[in-house]
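Residue-level structural notes
Listed here are the chains, written in short residue letters.
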Amino acid sequence: MSSNPKIFRINTGSCNGCDVEIAASVMSSRFDLQKLGCEYIETSEDADIFMITGPVTARSLPFLKEVIKNHKKPYVVISLGTCSVTCGIFRDSYPILGPVDSYVNVDVNVAGCPPRPQAILEGVKTAIEILKRKNNEI
Ligand code: SF4
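Keep in mind that what you see is a predicted model, and the values were worked out from it rather than measured.

In terms of regular secondary structure, the protein chain is built from 4 helices and 7 strands. Each helix and strand of the protein chain, placed in order from N terminus to C terminus, yields the pattern β-α-β-β-β-α-β-α-β-β-α. Its C-alpha atoms put the protein chain at 40 × 35 × 20 Å along the principal axes. Considering the protein chain as a whole, with its 138 residues, one finds that 45% of them fall into the buried category. Carbon and sulfur atoms make up 51% of the accessible area of the protein chain, which totals about 7,400 Å². The averaged location of the 15 negative side-chain charges in the protein chain is 2 Å from the averaged location of its 15 positive side-chain charges.

Dropping the structure here:
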């Protein structure tokens, strides 16, 4: 594993509230994931951690499946936000297919609507530990 875990974010149908919270946490040095050595990246190929927000919609499912299926290195999936974990307030909406763990293996659930910055930080810490274990297993 590189010393800097790389995080790739996927929005599968979020209202953007969780994504705003992630962005806002970067603004605060207290919650900035860079202090854990993490960095956000814009393409999925080098990702160590997938941070997924929102319930899975019919429109987002093909992209989600494609990214995960083609990934060539060990990775950890964080399902971030109540909608991602349980579909939340979107549960009975017609384009919603289900929570993220119905379609990909989730390693870390971070609930909250949106999750607090402290919860995001703790979720990423857990993800880094799991990633270390996965890398040691290969
Ligand atoms: S958990 Fe809340 S903030 Fe996050 S996508 Fe769902 S409704 Fe929006």
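Counted under the stated rule, the structure contains 5 salt bridges. Residue Lys73 is joined to Asp48 by a salt bridge in which the shortest nitrogen-to-oxygen separation is 3.1 Å. With Lys73 in the loop between α2 (61-69) and β5 (76-80) and Asp48 in the loop between β2 (39-40) and β3 (49-53), this pair connects stretches of sequence that are 25 residues apart. Relative accessible area serves as the criterion here: at 2%, Asp48 is assigned to the buried category.

Rules used throughout
Residues numbered from 1 in each chain as written. Predicted model: local features only at pLDDT ≥ 70, side-chain atom pairs only at ≥ 80, totals over all residues. Heavy atoms only, no water. Helix = DSSP H or I, 4+ residues; strand = E, 2+ residues; numbered from the N terminus. Buried < 20%, exposed > 50% of the residue type's maximum accessible area, 1.4 Å probe, protein only. Areas by Shrake-Rupley, 256 points an atom, 1.4 Å probe, with all protein chains shown as cover. Lys, Arg positive; Asp, Glu negative; His and termini not counted. Charge placed at Lys NZ, Arg CZ, Asp CG, Glu CD. Salt bridge = Lys/Arg side-chain N within 4 Å of Asp/Glu carboxyl O.

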